[in-house]
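Commentary on secondary and tertiary structure
What follows is each chain in one-letter form.
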Amino acid sequence: MAKREQWGSRIGFLLSAVGSAVGLGNIWRFPYQAYENGGGAFLIPYFIAALTAGIPLVLFEFSLGHRMRAGLPTIFRRLSKRNGYRNWEWIGWFQPLLAIFIAAFYAVILSWVFYYIGLSFTLGWGADSGRFFFKNFLNVSDSPFEFGSVNAVVLALTACVWFISWLIVFRGIKGGVEVAGKIFMPLLALMMVILMFHQVSLPGAAAGLNALFEPDFRRLTDINIWISAYGQVFFSMSLGVGTMITYASYLPKESDVTNNAFLTGLLDTAFSLVSGIMIFATLGAMAAAQGLTVRDVVEGGPALTFVTVPEALSGMPGARIFGPLFFLSLFIAGMTSIISLLEPLTAAMTERLKISRRKSVSVICAAGFLLSILYTFRSGLLTLDIADYFSGNFGMLAGGLCELILVCWVLKPDFLSDHANRISDFKIGSVWKFCVSALTPLVLIVMLSANIAGLFSSSLPNYGGYPAAALFVFGWLMMALLVLLAAVAQKFSAKRTKETLLHIWEEFSDGKGGKP
Ligand code: PHE
C-alpha cells in the first residue's frame, strides 16, 4: 500500500484542526444561538458543554484517529472485526457521507457570503437590508416545495466555492489542507481581533455586551437551552462526522494528542467568544443609534448575519472597510471548514475503494456541487434550513453517539486513553472516561429524543411553519438515504474486486488502476 499521507508539522495540523472547528458555526451560528437562547443565559451551558462534551470528544476523536491511523470505514471495520462483533463499517461511511451532505449547504451559505463581500464595498443592500436579502437577492418562495427557478448568481458563486475547495483538497494534506490552514488561520485571527476592537469601541456597544454576558440563572432550568448549547458545541468542534478522526490519522507516530485537543477546543471557544463580542457590540451600537433596545433591532436565526449586520454596517463609520473585513473573515473561516468536511470521504474512498486521491476529490466535489444545486432555487433558504436542522440535530448527534457506543460500551475506552497517555504530556484518566462513556452518550440520547419529540410538537425554529411533508422529504428521507448509501458503500468495499463499478470506471479512465 502507498505510504499514508502526513502533516508536515505539528502547527500545521493544529491550525488545520482549528480551521475545521472555526467556521460559520462560530461567526454565523454561535451569535444567533446565544441571542435566541437569552444571551447571557446561554454562555454557562455553553461552557459546561464545551468542557464536558466538546473537549473530551475532540480528545476521543484525535486519539481514535491517531491510534488507528486509517480512514473511518477501515477504523470501524477493524474495531468491530478484531473483537468479533458484527460489522460496523457502515458508520464509518455514514459520517463522511453526512459531511458531504453538510458541505453541500455550507457551500451555498458561503456563496451568499461571497456575494456580500462584494456588496459590502458599496453597502449595496440599500436601506432595507431585510427586503434585500429575502426578496431582491434570494427571492425566497413561500414553501420548500415551491422551487421556482435557480438563482444564477448563487449557482455561479457556489460553483466557485466548490472549485476552490477542490483545488485545495486535490493537492493533498501537506500541500493543500495544511498550507490553507497555515495561511488562513493567522489571517483570520488578526482580522477578527481588529473587527472586535473596532466594534467594541463604537458608542452603545456596552449595552450589546451586557446582553451577551449578563447571566440569567433562572433560565438554566430550561432544557432547550442546554440542548442548543450541546448541539452548538458539537457543530462547532466538528464532531460526529469524522473530520477530527481523519485529520488526526495523518499525524506522525509520536505526536501529542491531548495538548492538541485542548488547544483546538479552547481556540474554537475563543473564536466563538470573539465573534460573539463583535456581533453583540454591533447590535448594541445599532440599537443606540436608533434609540431602541438590543432586543428590538435583531433578526433571529441565520438572518442575523445577512440582515442585521448589514443594517448595522450601513449606519457605522468605516463601514466600507469593516464590512468587507467581516464578510471576508466569514468566508475564510468557512473555507477551512468546508475543506475539512471533504477529507473524511476522500480518505475513505482512496483507502477502501482504491481510487486515487485526485479522482476521489473530483468525484466528491462534482457530487457535492450537484447536491448544492438543490439549495440554489428560490426555495433554497427553506430547504437549507431543514437540512441544517437535521444534520446538526440528528445526523451529527447520531454519528457521535454510534462511535461512543461502539468504542466505550461495546469495547472499552481504555485502549484510547492508554494510547493518548503514552504519547502525550498531559495524562487523561477517569474524568475523561466518565465524560465520554457516560455523560456525553447520555446527553446525546436525551438530545436526540427531545429533538425527535420536538419535531412532532412544533415546527422548526428559524423560518418555521414547514409542512410535515417537507420535513419528511428534506429531513428524514435524506437521513435515510445517507444510511442506505453507507450500507451500499460497506457492501462495495467488502468486495472491492475487479468487478466493482468504480474499479471498472477507474480502468477505463486511465488504465493504471488507481493506486493512491
Ligand atoms: N465546525 C464547523 C463550523 O463551526 C462546521 C463543521 C462541522 C466542519 C463538521 C467540519 C465538520 O462551522
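Here the structure is a predicted model, which is why all the values come from computation and not from measurement.

The helix and strand tally for the protein stands at 21 helices and 0 strands. Compactness check: the protein gives a C-alpha radius of gyration of 22 Å against a globular reference of 24 Å for 516 residues, within 12% of the reference. In terms of overall dimensions, the protein has a C-alpha envelope of 70 × 50 × 45 Å along the principal axes. Out of the 516 residues in the protein, the part that is buried amounts to 61%. Within the protein, contacts between residues separated by at least 24 positions form 85% of all contacts whose residues are at least 6 apart in sequence. Surface exposure of the protein reaches about 19,200 Å², of which carbon and sulfur atoms provide 67%. Seen as two clouds, the 37 positive and the 29 negative side-chain charges of the protein have centres 11 Å apart.

Tallying each qualifying case throughout the model produces 38 aromatic pairs. Three or more aromatic residues link up through ring pairs in this structure, and these residues are Trp112, Tyr115, Tyr116, Trp125, Phe132, Phe133, Phe134, Phe137, Phe306, Phe326 and Phe327. Across from the ring centre of Phe235, 4.8 Å away, lies the NZ or CZ of Arg29, which sits over that ring.

Taken together, 16 residues surround the ligand, and among them Ala21, Gly25, Tyr106, Phe235 and Ser238 come closest. Contact distances for the ligand include 3.2 Å between a nitrogen atom and a backbone N or O atom of Ser20. Within the side chain of Ser238, an N or O atom sits 3.0 Å from a nitrogen atom of the ligand. Breaking the shell around the ligand down by element, the ones donating at least two residues are α1 (10-21), α2 (24-36), α10 (223-236) and α15 (319-352).

On to unusual backbone geometry. The backbone phi angle of Ser238 is positive, close to 55 degrees, even though this residue is not glycine. With relative accessibility at 9%, the residue Ser238 sits in the buried group. Non-glycine residue Lys354 carries a positive phi angle of around 55 degrees. For Lys354, a relative accessible area of 26% translates into the label partly exposed.

Moving on, we come to helix α17 (residues 380-410). Where α17 bends most, at Ser391, the angle is about 40 degrees. Burial of α17 is extensive: 26 of the 31 residues sit out of reach of the surface.

On average, residues of the protein score 90 in pLDDT, and 93% of them reach the 70 mark or higher. The spread of mean pLDDT over the elements of the protein runs between helix α21 (residues 501-510), the lowest at 49, and helix α7 (residues 152-170), the highest at 98. Low pLDDT, under 50, characterises residues 497-505; the stretch is placed with 13 contacts to residues that sit more than four places away or in other chains. Low pLDDT, under 50, characterises residues 511-516; the predicted model gives this stretch 12 contacts beyond four residues in sequence or across chains.

Among the surface-exposed residues, Phe145, Phe472, Val473 and Leu477 lie close enough to one another that they form a single nonpolar patch of about 340 Å² accessible area. Looking at the element boundaries, Val473 is found in helix α20 (residues 468-494).

Checked against the element boundaries, Arg29 lands in helix α2. Within the buried core, Arg29 has no salt-bridge partner, and the shortest N-O distance to an opposite charge, that of Asp388, equals 4.1 Å. Sequence-distant contacts of Arg29, defined by excluding residues within four places in its chain, comprise Leu24, Gly231, Gln232, Phe235 and Asp388.

About the cut-offs
- Residues numbered from 1 in each chain as written.
- Predicted model: local features only at pLDDT ≥ 70, side-chain atom pairs only at ≥ 80, totals over all residues.
- Heavy atoms only, no water.
- Helix = DSSP H or I, 4+ residues; strand = E, 2+ residues; numbered from the N terminus.
- Rg over C-alpha atoms; globule rule 2.2 N^0.38 Å.
- Buried < 20%, exposed > 50% of the residue type's maximum accessible area, 1.4 Å probe, protein only.
- Contact = heavy atoms within 4.5 Å.
- Areas by Shrake-Rupley, 256 points an atom, 1.4 Å probe, with all protein chains shown as cover.
- Lys, Arg positive; Asp, Glu negative; His and termini not counted.
- Charge placed at Lys NZ, Arg CZ, Asp CG, Glu CD.
- Phe/Tyr/Trp six-rings, centres within 6.5 Å; stacked < 30°, edge-to-face > 60°.
- Lys NZ or Arg CZ within 6 Å of the ring centre and 35° of its normal.
- Near = heavy atom within 4 Å.
- Polar contact = N/O pair within 3.5 Å; in protein donor to acceptor, adjacent residues only side chain to side chain.
- Bend = angle between axes of the 7 residues up to and from the residue.
- pLDDT = per-residue confidence, 0-100.
- Patch = residues over 30% accessible without salt bridge, like charges linked within 9 Å, V, L, I, M, F, W, Y side chains within 5 Å.
- Salt bridge = Lys/Arg side-chain N within 4 Å of Asp/Glu carboxyl O.

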